[in-house]
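Here are the chains, one letter per residue:
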Amino acid sequence: MQLFYNPDINETTKSFSFDKEESRHIIKVLRRKDSDILHVTNGLGFLFETEITLASDNKCIVQVLSIKKTPEPKFHLHLAVAPTKMNDRFEWFLEKATEIGIQEITPIFCDRSERKVVNSERFEKIILSAMKQSNETYLPKLNEAVSFKEFIKQKNEGQQLIAHCEETDKKSLKDILKPNENVTMLIGPEGDFSEKEIALALENDYQPVTLGNTRLRTETAAIVACHSVVFFNET
């Protein structure tokens, strides 16, 4: 199944048209024609089965035939991750985390961050593409990048965790997770969180965790955390 995206439709929509760019892609590139079936999501869990009623590369119009709603996950996974020095590594994380099943992502700038600017528009496109590729119907939320200190002030429901490399008392992630409970986890930059940041996180009720016995790159740690939480809640 090839999945298309339209954020403006809902369960009351009877018919709609794609914008010019998407219409051209559907008709000229994919060579779809009248009466062909398209599957569309609005990123909110709905899957629409539609039929092309006007195969125009300027304005492809479809009629909604049926609607299905994917049940919402029983947990919410929010990763706050420091952007990597090499931008493609963070983009790889966004793609794979979306495929695995993350719900929310916040880029955070830390004391040791080597990258202080991100391209949110490009990140959004990568997440959207990964959602469609993996036939997911929920589009992960990408928040604006903020400083570590700004993020740590936020209060989140469920477990608040920080994965760092300091030789302190930490519990294994697999031992601390609770089924069907929301998780917010902090993943630091290449140079790890500073001692001040770790102390600040602990002061704000974050629990320190380890993701294994080896030292992981930022993007690898984020993927390990993402997969661990999703897999734990599927068992």
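A short tour of the structure in this document, coming up. (Residues numbered from 1 in each chain as written. Predicted model: local features only at pLDDT ≥ 70, side-chain atom pairs only at ≥ 80, totals over all residues. Heavy atoms only, no water.)

## Description of the side chain of Glu91
The condition is simple: For the purposes of this entry, the term helix denotes a DSSP run of H or I that reaches at least four residues, the term strand denotes a run of E that reaches at least two, and both are numbered from the N terminus. Only protein chains enter the calculation, and the probe is 1.4 Å; a residue is then buried if its accessible area is under 20% of its type maximum, exposed if over 50%, and partly exposed in between. Under the rule applied, a polar contact is a pair of N or O atoms within 3.5 Å (in protein, one hydrogen donor and one hydrogen acceptor; residues adjacent in sequence only if both atoms are side-chain atoms). Throughout, a contact is declared for two residues whenever any of their heavy atoms are within 4.5 Å.
Considering the arrangement of structural elements, one finds Glu91 in helix 2 (residues 87-100). Judged by relative accessible area, which is 10%, Glu91 ranks as buried. A distance of 2.6 Å separates polar atoms of two side chains, one belonging to Glu91 and the other to Arg122. Here Glu91 is in contact with Arg122, Phe123 and Ile126, once residues within four sequence places are set aside.

## With respect to the pairing of strand 13 (residues 207-210)
Worth spelling out the cut-off: Between any two strands, at least two bridges found by DSSP are needed for them to pair.
Relative to strand 13, strand 10 (residues 159-163) is paired through three bridges, and the arrangement is parallel. Looking across to strand 13, one finds that Leu161 is bridged to Gln207. Sheet topology note: the strand 11 (residues 171-172)/strand 13 ladder contains two bridges and is parallel. Paired with Ser172 across the strands is Thr210, a residue of strand 13.

## Section: helix 2
Short version of the rule: Multiply 1.5 Å by the residue count of a helix minus one, and that product is the helix's expected span. Working definition: the arc comes from the directions between the helix axis and the C-beta atoms, pointing outward to the latter.
Helix length check: helix 2 (14 residues) gives 20 Å between terminal C-alpha atoms against 20 Å at 1.5 Å per residue, within 8%. Along helix 2, the positions that sit buried rather than exposed are Phe90, Glu91, Phe93, Leu94, Ala97 and Thr98. End-on view of helix 2: buried residues confined to an arc of 150°, all on one side of the axis. For helix 2, the elements touching its buried residues are strand 6 (77-81), strand 7 (104-109), helix 3 (120-133) and helix 7 (218-234). Looking at the residues trailing helix 2, positive phi occurs at Gly101, about 130°.

## What to know about the nonpolar core
Rules: Buried Ala, Val, Leu, Ile, Met, Phe, Trp, Tyr and Cys residues that are joined via side-chain atoms within 4.5 Å together make up what is termed a nonpolar core.
Formed by 32 residues in total, the largest nonpolar core has its most connected members in Leu77, Leu79, Phe93, Leu94, Leu161, Met185 and Ile187. Breaking this core down by element, the ones donating at least two residues are strand 6, helix 2, strand 7, helix 3, strand 10, helix 5 (173-176), strand 12 (183-187) and helix 7. Among the elements that take part in this core, helix 7 stands out by supplying seven residues, more than any other. Every residue in contact with Leu79, bar those within four places of it in the chain, is listed here: Phe93, Ile102, Glu104, Ile105, Thr106, Met185, Ala222, Ala225 and Cys226.

These figures come from the coordinates and say nothing about function on their own.
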